[in-house]
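Observations on chain architecture
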Amino acid sequence: QVQLVESGGGLVQAGGSLRLSCAASGRTFATYVMGWFRQAPGKEREFVAGISRYGGNTNYQEAVNGRFTISRENAKNTVYLQMNSLKPEDTAVYYCAADRDLSYIANTPAQYNYWGQGTQVTVSS
């Protein structure tokens, strides 16, 4: 099992930046495919970005491609989401997700077994 704790959310003006962090417990962090998802009020949870076990592959939702960057430091059991050029439509609760059984970067919530509690990101116009 792994426990995930997100941090770094907050209120930012449009065009600004935030960096989210997700710290994982345990000694086997490198064996997990990691993902970031978000959920806005009244909407379904959606995939934002994902990264393979050793960081060699990444995948992004089209709406954030070129603005967001996912990365990981396995030595620190941490995955990051650098968010630049933020837009009001990026406002949501952002969740970190992990799964050890995936062999690829999945983009649906049901494919991840472990979740953090979420961190709020609010982008004002």
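Structure: above.
The present account deals with the structure reproduced in this document. Remember, predicted model here, so these are calculated numbers, not experimental data.

**Things to note about the overall build of the chain**
Looking only at helices and strands, one finds 0 helices and 11 strands in the chain. Taken from the N to the C terminus, the helices and strands of the chain come in the order β-β-β-β-β-β-β-β-β-β-β. With the C-alpha coordinates aligned to their principal axes, the bounding extent of the chain is approximately 40 × 25 × 25 Å. Among the 125 residues that make up the chain, the fraction classed as buried is 45%. In the chain, of all internal contacts separated by at least 6 residues, the share reaching a separation of at least 24 is 59%. Surface exposure of the chain reaches about 6,400 Å², of which carbon and sulfur atoms provide 44%.

**As for unusual backbone geometry**
With a phi angle near 55°, asparagine 77 is a residue other than glycine that sits in the positive phi range. Residue placement: asparagine 77 occurs in the loop between β7 (68-73) and β8 (78-83). Here asparagine 77 falls in the buried class, since its relative accessible area comes to 14%. Unlike most non-glycine residues, serine 85 shows phi in positive territory, near 50°. Note that serine 85 resides in the loop between β8 and β9 (92-99).

**Quick word on the sheet that holds β7**
Strands sit in the order β1-β3-β8-β7 across an open sheet of 4 strands; the sheet is antiparallel. Bordering the open sheet on either side are β1 (4-7) and β7, each of which pairs with just one other strand. Direction aside, neighbouring strands of the sheet carry axes that sit 15° apart on average.

**A short note on the state of the cysteines**
Inspection of every chain in the model, using the stated rule, returns 1 disulfide. Paired through a disulfide, cysteine 22 and cysteine 96 show a sulfur-sulfur distance of 2.1 Å. Between cysteine 22 and cysteine 96 the disulfide shows an S-S torsion of about -80°. By sign, it is left-handed. Of this pair, cysteine 22 sits in strand β3 (residues 18-24) while cysteine 96 sits in strand β9, and the two are 74 residues apart along the sequence. Residue cysteine 22 shares its accessibility class with cysteine 96, and that shared class is buried.

**What to know about the packing of aromatic side chains**
Enumeration according to the criterion identifies 6 aromatic pairs in this entry. Measuring from ring centre to ring centre gives 6.1 Å for tyrosine 32 and tyrosine 114, while their planes differ by 75°; the resulting arrangement is edge-to-face. One end of the pair, tyrosine 32, is in the loop between β3 and β4 (33-39); the other, tyrosine 114, is in strand β10 (residues 114-115), with 82 residues separating them in the sequence. A residue is classified by how much of its surface remains accessible, and tyrosine 32, at 2% relative accessible area, is buried. Among the aromatic side chains, those forming a connected cluster through ring pairs are Phe37, Phe47, Tyr95, Tyr112 and Trp115. The ring of tyrosine 95 has arginine 45 sitting right over it, with the charged end atom 3.7 Å from the ring centre. The aromatic ring of phenylalanine 29 is capped on one face by arginine 72, whose charged end is 4.5 Å from the ring centroid.

About the thresholds
Residues numbered from 1 in each chain as written. Predicted model: local features only at pLDDT ≥ 70, side-chain atom pairs only at ≥ 80, totals over all residues. Heavy atoms only, no water. Helix = DSSP H or I, 4+ residues; strand = E, 2+ residues; numbered from the N terminus. Buried < 20%, exposed > 50% of the residue type's maximum accessible area, 1.4 Å probe, protein only. Contact = heavy atoms within 4.5 Å. Areas by Shrake-Rupley, 256 points an atom, 1.4 Å probe, with all protein chains shown as cover. Pairing = 2+ DSSP bridges. Axes fitted to C-alpha atoms, helices over the stretch in contact; angles between N-to-C directions. Disulfide = S-S within 2.5 Å. Phe/Tyr/Trp six-rings, centres within 6.5 Å; stacked < 30°, edge-to-face > 60°. Lys NZ or Arg CZ within 6 Å of the ring centre and 35° of its normal.

Any functional reading would require information that these geometric values do not contain.
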